[in-house]
Amino acid sequence: MSSDPAQHPDDKLRPHSYDGIQEFDKRLPNWWLLTLYGAIVFAVVYWFVLYESSVVLPDGERITQEMNRIEAEKLGKLVAMLNDDNLWRMSQNPDFAGKGPSTYKSTCASCHGATLRGRDEDSKLIGVNLVDQNWIHGGLPTQVFGTVKNGVAGPGMPAWGPQLGDGRVAEVVAFVLSHHKQGEPIVAVPSPSVAAVQ
Ligand code: HEC
């Protein structure tokens with residue numbers, strides 16, 4: 001490219017001169033400006049989508065969610081081989097235990113209340129508190145599962161096995177157990193309805 005000003009009549013010369021060398025005051029080419037501004041806009045949008053909005057979850061959370069989903073699928077197969085450990089695992093998996101609340105709301109809340117505290121929540125409710133450490137029929141996960149599946153005829157706790165099937169009973173029990181900790185004390189108490197029944 002020639003630097004002879006005579007060949008670039010539209011370009012201004014910058015006023016300074018170094019050792020007799022002068023520069024044109026040229027406008028930056030559009031493709032260059034577009035790339036620069038485009039990169040700035042892209043960086044802002046990329047930062048916003050990735051870190052500020054919830055459109056894309058951070059990698060760590062995506063991996064945790066995916067692992068929970070896979071674990072929940074495996075736990076679903078363990079319903080056929082229930083033991084205390086498996087039920088605790090189900091209660092700690094947000095995907096598995098997360099299926100419990102809808103069943104709880106439609107089938108249990110009418111007696112055990114919206115907060116699972118039963119007659120402690122509202123004395124008009126006939127169900128007992130499911131989040132304290134007092135258990136009438138045993139607080140081990142398999143015992144809780146048995147109570148929900150088979151019911152307690154006298155005091156009016158229906159048997160849910162026939163209606164819900166083992167899978168949904170396991171989900172709702174996992175949800176109840178998610179309010180408890182493995183290894184917490186289990187206090188045996190008598191049924192408040194015993195007097196009424198006998
Ligand atoms: C019609 C009312 C009613 C409904 C609906 C009901 N329960 Fe109960 N439930 C009771 C009563 C009453 C008891 C107390 C039984 C007793 O006194 O022996 C009880 C007891 C229990 C217990 C045993 C608590 C303990 O201390 O041993 C569990 C667990 C339980 N219910 C879970 C559930 C779940 C889960 C559902 C929904 C699938 C459900 N119940 C629906 C009335 C109900």
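A word on the side chain of N93. Assignment of secondary structure puts N93 in the loop between α3 (84–92) and α4 (94–97). Here N93 falls in the buried class, since its relative accessible area comes to 3%. Among the polar contacts listed, one links the side chain of N93 to the backbone oxygen of N68, at a separation of 3.0 Å. Contacts of N93, omitting those with residues within four sequence positions, involve N68, E71, A72, L75 and G98.

With respect to spatial proximity, 26 residues lie near the ligand, and among them C108, C111, H112, M157 and S191 are the closest. Between the ligand and the protein, one listed contact pairs a nitrogen atom with a side-chain N or O atom of H112 at 2.8 Å. With respect to the ligand, the backbone of I136 contributes an N or O atom lying 2.8 Å from an oxygen atom. The greatest single-element share of the shell around the ligand, amounting to five residues, is contributed by helix α5 (residues 100–112). Residues belonging to the shell around the ligand are distributed by class as follows: 16 nonpolar, 10 polar and no charged.

Below, the discussion takes up the environment of T142. If you trace the backbone, T142 turns up in helix α6 (residues 141–150). Look at T142 and you get partly exposed, because its relative accessible area is 31%. C-alpha separation for the pair T142 and D84, spaced 58 residues apart in sequence, amounts to 5.5 Å. If we ignore the near neighbours within four places in the chain, the residues touching T142 are L82, N83, D84 and L87.

Size of an interface, as often reported, equals the accessible area lost when the parts are brought together. What the domain assignment reports for the protein chain is domain 1 (9–52) and domain 2 (60–190). The gap between the C-alpha centroids of domain 1 and domain 2 is 64 Å.

Let us now look at helix α2 (residues 59–77). An ideal rise of 1.5 Å per residue puts 27 Å on 19 residues; α2 measures up with 28 Å between its terminal C-alpha atoms. Those residues of α2 not exposed but buried are N68, A72 and L75. One side of α2 carries all its buried residues, which in axial view fall inside an arc of 65 degrees. Facing away from the buried side of α2, by more than 90 degrees, are the exposed residues D59, I63, M67, K74 and K77. Each element contacted by the buried residues of α2 is listed here: α3 and α4.

Right, let's talk about the environment of Y104 for a bit. Residue placement: Y104 occurs in helix α5. Sequence separation between Y104 and V173 is 69 residues; the distance between their C-alpha atoms is 9.1 Å. Not counting residues within four places of it along the chain, the set of residues in contact with Y104 comprises A109, H112, G113, A114, L116, L130, V172 and F175.

Orientation of α3 relative to helix α7 (residues 161–177), taken along the N-to-C sense of each, is 75 degrees, at an axis distance of 8 Å. One way to sum up the angle between α3 and α7 is to call them roughly perpendicular. Facing L87, W88, M90 and S91 of α3, the residues of α7 in contact are A170, V173, A174 and L177. Looking at the contact of α3 with α7, its residues break down into seven nonpolar, one polar and no charged.

What counts and what doesn't
Residues numbered from 1 in each chain as written. Predicted model: local features only at pLDDT ≥ 70, side-chain atom pairs only at ≥ 80, totals over all residues. Heavy atoms only, no water. Helix = DSSP H or I, 4+ residues; strand = E, 2+ residues; numbered from the N terminus. Buried < 20%, exposed > 50% of the residue type's maximum accessible area, 1.4 Å probe, protein only. Polar contact = N/O pair within 3.5 Å; in protein donor to acceptor, adjacent residues only side chain to side chain. Contact = heavy atoms within 4.5 Å. Near = heavy atom within 4 Å. Nonpolar A, V, L, I, M, F, W, Y, C, P; charged D, E, K, R; others polar. Domains from an automatic or database assignment. Expected span 1.5 Å × (residues − 1). Arc of directions from axis to C-beta. Axes fitted to C-alpha atoms, helices over the stretch in contact; angles between N-to-C directions. Parallel < 35°, antiparallel > 145°, perpendicular 65-115°, else oblique.

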